[in-house]
Amino acid sequence: MGVTKIYGTGVYDFRRHRVAEYPVVAEAPALTEKPPQSKLASDFPSSITLTDIQRDPLTTIAAENWAITADSEIKKPFSPELVKEIYCSELTVTGRRWTVPLQRVMILEVSQYLENYLWPNFNPESSSFEHVMSMMLMVNEKFRENVAAWICFYNRKDMFASFLERVLHLKEERSLTISEKTNYLLFMINSFQSLEDEIVSETSMRLSGLESWVSLSYGRLQIELCLNEKLIKKWKRVVKRVKDTAKQGKLTDVSTIVEANFLRNLMLEFLQVLDMEVFPLKSHESGSVIDANDINDIDDGCVLYCERFMEFLIDLLSQLPTRRFIRPLVSDVGLVSNCHLSTLHRHEKGKLFAQLVDLLKYYEGFEIDDHKGRQMTDDEVLQAHYRRFQAFQLLAFKKIPKLRELSLTNIGAIDKRDNLVKKLLSFSTDELRDCVCRKLKLLSKDDPWSERVDFLHEVMVSFFEKQKSQKEAINALPLVPSINYSGEGCLALPKLNLQFLTLHDYLLRNFNLFRLESTYEIREDIQEAVPHLLSYINSEGETAFRGWSRMAVPIKEFKITEVKQPNIGEAKPSAVTAEITFSISSYKAQIRSEWNALKEHDVLFLLSIHPSFQPLSTEEAEKATVPQRLGLQFVRGCEIIEIRDEEGTLMNDFTGRIKRDEWKPPKGDLRSVTVALDTAQYHMDICDVAEKGEANIYSTFNILMRRKPKENNFKAILESIRDLMNETCIVPDWLHDIFLGYGDPSAAQWTNRPDLLEKVDFKDTFLDAAHVKESFPNYQVHFVNPDGSDSSNPAPPFRIQFPTDSKRRFLYVPSSETSNMVMEHDSEKVEVLVEAYIPPDPGPYPQDQPNKNSVRFTPTQVQAIISGIQPGLTMVVGPPGTGKTDTAVQILNVLYHNCPSQRTLIITHSNQALNDLFEKIMERDVPARYLLRLGQGEQELATDLDFSRQGRVNAMLVRRLVLLSEVERLAHSLQLPEDVAYTCETAGYFWLLHVYSRWEQFLVAGAENHGNPTFVQDRFPFKEFFSNTPKPVFTGLSYEEDMRAAKGCFQHLKTMFQELEECRAFELLKSTVDRSNYLMTKQAKVVAMTCTHATLKRKDFLNLGFKYDNLLMEESAQILEIETFIPMLLQRQEDGYARLKRCILIGDHHQLPPVVKNMAFQKYSHMDQSLFTRFVRLGIPYIELNAQGRARPSLATLYNWRYKELGDLPSVKVKDIFLKANAGFCFDFQLIDVADYHGRGESAPSPWFYQNEGEAEYKLLIRDVLNRRCAPFNLIGLPHKVTTVDKFQGQQNDFVLLSLVRTRFVGHLRDVRRLVVAMSRARLGLYVFCRRLLFEQCYELQPTFQILLRRPQQLALNLCETTAYTDRCVEDTGPVQLISGLEEMAELVNYQIHQVYQARAISEHPSQFTVSEDGSGSMDVDRVFSANGEDTDMVHDVYSNGSEPVSFSMDEDDTGV
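Not measured: the values here are computed from a predicted model.

> Which parts of the structure should I look at to understand the packing of aromatic side chains?
To describe a pair of aromatic rings, one takes the distance between the centres and the angle between the planes. Scanning the entire structure with this criterion turns up 67 aromatic pairs. With a centroid separation of 4.3 Å and 20° between ring planes, the pair formed by F392 and F464 is classed as stacked. Note that F392 is positioned in helix 18 (residues 378-399) and F464 in helix 23 (residues 453-464), a separation of 72 residues in sequence. Assigned by exposure class, F392 and F464 land together as buried. The aromatic ring of F739 is capped on one face by R1174, whose charged end is 5.3 Å from the ring centroid. Over the ring of F1229 we find R1351, and its NZ or CZ is 3.8 Å from the ring centre.

> Sorry, what's going on with the confidence of the model for the chain here?
A low pLDDT score tells you not to read the predicted coordinates there in detail. For the chain, the average pLDDT comes to 82, and 84% of its residues sit at 70 or higher. Confidence drops under a pLDDT of 50 for residues 283-287, and excluding neighbours within four residues, the segment shows eight contacts in the predicted structure. Confidence drops under a pLDDT of 50 for residues 1243-1261, and excluding neighbours within four residues, the segment shows 83 contacts in the predicted structure.

> Even after reading the chapter, I still don't get the sheet that holds strand 13 (residues 780-784), so can you show me in this structure?
Strand pairing in a sheet takes place through backbone hydrogen bonds and is either antiparallel or parallel in direction. Pairing is mixed across the open sheet formed by four strands, whose spatial order is 12-14-15-13. Looking at the sheet topology across the chains shown, the edges are occupied by strand 12 (759-761) and strand 13. Going across the sheet, the axis of each strand differs from the next one's by a mean of 25°, ignoring polarity.

> Explanation requested: the sheet that holds strand 25 (residues 1229-1233) in the structure shown.
Read from one edge to the other, the open sheet built from three strands follows the order 25-29-28, with strand pairing classed as parallel. Each edge of the open sheet carries a strand with a single partner, namely strand 25 and strand 28 (1293-1299). In this sheet, adjacent strand axes meet at a mean angle of 10° when their direction is disregarded. Two strands pair when backbone bridges link them, and strand 25 and strand 29 (residues 1322-1330) are joined in this way by five bridges, in the parallel orientation. In the sheet register, Q1230 faces strand 29, and the bridge partner there is Y1327.

> Before we go on, may I ask you to explain a nonpolar patch on the surface in this structure?
The grouping of Y989, L992 and L993 at the surface amounts to a nonpolar patch, some 350 Å² of accessible area in total. Given the relative accessible area of 60%, L993 is considered exposed.

> What is the right way to look at the nonpolar core in this model?
Looking at soluble globular proteins, one finds that nonpolar side chains tend to be buried together. Grouped together as the largest cluster of nonpolar side chains are 266 residues, with contacts concentrated most on L335 and F1125. For this core, the element with the highest residue contribution is helix 40 (residues 1039-1068), accounting for 12 residues. When near neighbours in sequence (up to four residues on either side) are disregarded, F1125 contacts L503, Y506, L507, L724, I730, V731 and F739.

> Looking at this structure, how should I read the pairing of strand 5 (residues 552-563)?
Examined bridge by bridge, strand 5 and strand 11 (residues 703-705) share three bridges and lie antiparallel to one another. Each residue of the ladder has a partner; that of P554, found in strand 11, is I703. Examined bridge by bridge, strand 5 and strand 6 (residues 576-583) share seven bridges and lie antiparallel to one another. Bridged to E562 within strand 6 is T577.

> Please clarify how the environment of P927 should be interpreted in this entry.
Within the fold, P927 resides in the loop between helix 36 (911-921) and strand 18 (931-933). For the pair P927 and P850, spaced 77 residues apart in the sequence, the C-alpha separation amounts to 9.2 Å.

> Looking at this structure, how should I read the packing of helix 3 (residues 80-90) against helix 6 (residues 129-145)?
Two quantities define a packed helix pair, namely the angle between the helix axes and the distance between the axes. Axis separation between helix 3 and helix 6 bottoms out at 9 Å; the angle between their running directions is 60°. What the angle tells us is that helix 3 and helix 6 run oblique. In the packing of helix 3 onto helix 6, the handedness of the crossing is left-handed. Counted together, V83, K84, Y87 and C88 of helix 3 and F129, E130, H131, M133, S134 and L137 of helix 6 form the full contact between these two elements. Looking at the contact of helix 3 with helix 6 residue by residue, the classes come out as six nonpolar, two polar and two charged.

> How should the packing of helix 21 (residues 417-424) against helix 23 be read in this particular structure?
The contact between helix 21 and helix 23 brings their axes to 10 Å, and the two run at 135°. Classified by the interaxial angle, the pair formed by helix 21 and helix 23 is oblique. Remark: the crossing between helix 21 and helix 23 carries right-handed chirality. Residues R417, L420, V421 and L424 of helix 21 form the contact with helix 23, whose participating residues are H457, E458, M460, V461, S462 and F464. A class-by-class count of the residues in the contact of helix 21 with helix 23 yields six nonpolar, two polar and two charged.

> Where do I start with a positive patch on the surface in this structure?
On the surface, K233, K234, K236 and R237 cluster together into a positively charged patch. Within the secondary structure, K234 is located in helix 11 (residues 231-247). On the basis of relative accessibility, which here comes to 43%, the residue K234 falls in the partly exposed class.

> It is not clear to me how the side chain of D370 should be interpreted in this structure. Could you clarify?
Locating D370 in the fold gives a position in the loop between strand 1 (368-369) and strand 2 (374-375). In terms of polar contacts, D370 uses its side chain to reach the side chain of R323, at 2.7 Å. Other than its neighbours up to four places away in sequence, D370 contacts L320, R323, R324 and R327.

> Can you walk me through helix 31 (residues 733-740) in this structure?
Counting along an α-helix, one turn takes 3.6 residues, and residues three or four places apart therefore face a common direction. Regarding helix 31, the residues found buried are W734, L735, I738, F739 and L740. Just downstream of helix 31 lies G741, where phi reads positive at about 100°.

> Can you walk me through the environment of V1087 in this structure?
Tracing the sequence through the fold places V1087 in strand 19 (residues 1086-1090). Classification of V1087 as buried rests on a relative accessible area of 1%. Look past the residues within four positions of V1087 in its chain and what remains in contact with it is R903, T904, L905, I906, L932, L934, M1080 and F1106.

> Help me understand the pattern of salt bridges in this model?
A side chain with one charge may pair with a side chain of the opposite charge, provided their charged atoms come close. Applying the stated criterion across every chain, the model contains 74 salt bridges. For R509, the salt bridge is made with D505, and the minimal N-O distance between the two is 2.7 Å. Of the two residues, R509 and D505 are both situated in helix 25 (residues 503-529); the distance of four residues between them amounts to about one turn of the helix. Residues R509 and D505 agree in their burial class; the two are buried. Among the salt bridges present, the one from K692 reaches D688, with a minimum N-O distance of 3.7 Å. With a gap of four residues between them, K692 and D688 both fall in helix 29 (residues 679-692), about one helical turn apart. Beyond isolated ion pairs, a larger network of salt bridges with shared partners links R220, E224, R323, R327 and D370.

Rules behind the numbers
- Residues numbered from 1 in each chain as written.
- Predicted model: local features only at pLDDT ≥ 70, side-chain atom pairs only at ≥ 80, totals over all residues.
- Heavy atoms only, no water.
- Phe/Tyr/Trp six-rings, centres within 6.5 Å; stacked < 30°, edge-to-face > 60°.
- Helix = DSSP H or I, 4+ residues; strand = E, 2+ residues; numbered from the N terminus.
- Buried < 20%, exposed > 50% of the residue type's maximum accessible area, 1.4 Å probe, protein only.
- Lys NZ or Arg CZ within 6 Å of the ring centre and 35° of its normal.
- pLDDT = per-residue confidence, 0-100.
- Contact = heavy atoms within 4.5 Å.
- Pairing = 2+ DSSP bridges.
- Axes fitted to C-alpha atoms, helices over the stretch in contact; angles between N-to-C directions.
- Patch = residues over 30% accessible without salt bridge, like charges linked within 9 Å, V, L, I, M, F, W, Y side chains within 5 Å.
- Areas by Shrake-Rupley, 256 points an atom, 1.4 Å probe, with all protein chains shown as cover.
- Salt bridge = Lys/Arg side-chain N within 4 Å of Asp/Glu carboxyl O.
- Core = buried A, V, L, I, M, F, W, Y, C linked by side-chain atoms within 4.5 Å.
- Parallel < 35°, antiparallel > 145°, perpendicular 65-115°, else oblique.
- Left-handed = near helix turned anticlockwise from the far one by under 90°.
- Nonpolar A, V, L, I, M, F, W, Y, C, P; charged D, E, K, R; others polar.
- Lys, Arg positive; Asp, Glu negative; His and termini not counted.
- Charge placed at Lys NZ, Arg CZ, Asp CG, Glu CD.
- Polar contact = N/O pair within 3.5 Å; in protein donor to acceptor, adjacent residues only side chain to side chain.

Quick look at the structure:
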């Protein structure tokens, strides 16, 4: 389906193209309170300043009663009346869609109204209704701001349960307004979305337990108990418990317990609102049909309440713990059927509600066994449907004469909705009611809606009709989204929370979310590219273009070249191919090269642009949608098959059809692209042409648009998800339940796995014996020799045997808590056997010597290494600077040596992190021939070796020639014919016949001459070959030493012939492609790529038979969940089982999450939650590295409070660079309070674009300032980098100047994860520029800002230090010069530069200066001359106060480095 045909371009606002979905409404609060939306209004903060906040009466009240600031005074005693007054006057709204006055709530929440006033003074017995509602509103606001909501309740855990009890009984105190009902519902939504929080889950789960079935109708209860016989005993226990409670006099009626009726009462309340209050004046005649859009009187608040209630039920049904007992309640009241028949469902303003109802219906009938938690197969779903219908036919045959014909009819002919409705039309109302309520027991006979015929029809048909499989629906969807959503209105988005019903549910939610987000981003790119083309209607009535766009080009010719027949069982074509011709003649070289870089599998977009003849007026343009303004008619996606130049030569071929030496640069300006159209979309379009008479859109395309390669991988992800949904058993059994969020969180941990490595060779992990003891502090370390005897002087390397019990379970558990538990059971420490052994001689040449580790790993890092090399799931939390990469590399190193036949896949989020990891692997004892780096970032590796597929193939071929020449030399030394080195195959025969046989003979003779010290030197068969070693191999003094050296020589030969055997495949395979594929699938032991590359190439990996045993993922907390999941599944199953043995996730959930541009997807759908973060929330055990070596210990205190036990490595305490002060600065970190610049602080020239001119001027750091005032003067020069905090994650710098920008509201920095990143980038000095009054009150940021505020809030400089070096200790401030403001800073900079240039000029041209000396020896410089003799002023106010103000964008972030 295409975009509605509306013509017109009008005036386009280029400043707002990035936020076209977020129109700014100055007087309206943000619609972020609205559930699943893709269109948001701006916040109040865009029109409020800190001055406004300070003058606000609420701020005054807060200062007098609860706000804590640096100059806080004694507060007034708690006043319940004040709480009531604030609630009634500030927090209540009536008659509007918004449930709270957002600005007032934000001011109260930022002032810590909940933490300092409401919660400390809450009393479950005496607190008022307004007090409880105010607390709920503050919690809701914290969720909206995406900050920790429950943390403040932990100081009174016992009281929190009482608070929740008050919440559950709140509706008994007085009736609620519709906005209060919505706020109450939102609080319940947030509670059920926080089941990982122990203080919330206990009460929340009570509401969704078996007790809730007390409110089921008798018939429904019997049905459910018959279907789940195991519940009968539990049900009897519930009934007995209730009866016992009644006997004790605690209750007289079972229905009065809150668990029994809470949810059912909520549903009945919702149905009442839906039926009676959404349209207050509509007729309520039973069964009457009303044209919904004729009704204009609609209560927007009630509509929002209904949408929220749908969201609430969807959340309950989409989590297995709550779904089990709630689904029968939803069915018992016929809620979905009621919603389908409601007027709101058909009304224009009910579009979102209708989408949510459909989503609720989907989850109500989800294909899962609710009580076993097992996904049902397609066949099981079909059989269940047939059994249900057959039972209905049998009942109809026996007891319903009017349905006798239905009972004898084939099920396939009557299980469609239309056929069922026809069969039921013969029933009277009473007969239908009797059938539904008494015979089928689908509803209670007391149901107030059971008198409506349409309702009874809907209930019955919904129960018996055959549901369309979601798998079928997804297979029919086009993968490349057609942009048929204009951004007007809202979408019902699924949520990614803690748990998922099944893998099918997980994949479906991700598929829908990712597809919608892709649509959003594609539309954003279209809105950016199309306006530059300046489309118009020419004199011939055709669309033409005056301008040009970097990302879009006019199409010269488009034609469909082939439509293949459908596959068996499908209606859509199996393939649709088209050819597109376009010209790049108007582009400059850089942009031409970008178009010429298009390659196979890239996704392009076909646009149909047709503007109106007359441009839209300004007023019309403001009201028009984006497609109306752009004249955009249709958008379709396509995938490149091949691209050719003007002469028809194939370009950018990576399949091997064109060899590298035959490549030629493209000729001419015309380019022809052969593309594959989306077959599902093509089929839908052609059907519309045939059935509805619509125009053929494929004859209207006139623009071809491309996107940036890094942002254009959506099709591969969607295709991978769809393929996974069509597969079975796709996750290893040991990971399956944990992945979905169920079962024992530690089940996949290595200590609970059966297939463990009991003895591990740690190679160079430990530097000495003391290092081993340090790493096992709670265990008795016993060093032994290989023969079992005690070792008196142990030296590395070491093999460690872990202790096990009688059931082969490990007694060694890597957490200190568990270790203490072991100590309680045994009076003596558990013994760990450590075997010290002498490694074999690797060979006589320098290249034979292995690379060794020099890092002294901490006990926690060793713990992570041990867990990583054992099978199972390992999660490592790596705070900033704690050596995550070193730990990961050592895991790989030890894993390679202990499991040499296994293959490991490395995944990271960024190319930079992958290259850092890969470069460190190359420094360890892993042969380079086993390493492979895939993807586009390989060229950035800081190494002389080429680790790409082509580079590795070439290296193997070169190595083959080198090795064969060595074999030839060996044959010559043995006086044998040299033709044995002709091929790898002949070399292999040579090894067996001549080399290995001689070695065996030598060993036999050696055993007989053990006492002869010169035997080895005299009789070694390959002595001549090793005559070129740097030093003599044998001494002739000791048989043992010489024999060890001889074995080293033989090891060199063995390795040489082993490498030749590995080269043999490259000798046999002739094409580059075959050699590359063999390298990737067979040869390489360690394969590294980014998550994007893994997603793009998944299908290729599967087709090639790519296999791996271990997965190590760095930066896993920064990767989207679905992009973490797909790399786990890059291989096919083996005999129905997944091959994956280890999954090692390394990341830091306390730093920034994955980037999701759309706020609705981010905040509502939690799409920015990584798999790593979800696992942490689920309580899966993880190892947190606890010693940082990046920053000064004093700097680390700014963020180490966020971690459990983050300390410092010895290096940061003893190295001179950390002990010395920062030259010129009195402190190593400081907060500098910045006032408004020229009366202005933060401003927002356009939405989500924040600037603060004062802070920019203060630091000399923004690009405009840099280019004009820093770059021309080598004394100042340019800084290392200017960037945002978000983009600097994972990097570090010696000195960081940080601008927090915001002066109105804290904004995004309230996310503590962003604060942690900002504070942890600096090694030596951090200087924060911000508005102190704003940030010191922020509850989440207090641990950091309390430390910062202990020092002066004016920049403290030591003007005596004029060089970059100082001997001053970091604790010594020296003489302090406080800079009072921007003007003083400017004067200081100008003065210092002036002094330097004077001194430099005097030293270079002493004769051109008039110098007068007074008694003190001072000099006055009158004039400075330039080199050519002309007068010039050396410094023209380098930092002038009168300069133009500088603005800067923080790239949609609120903070910048």
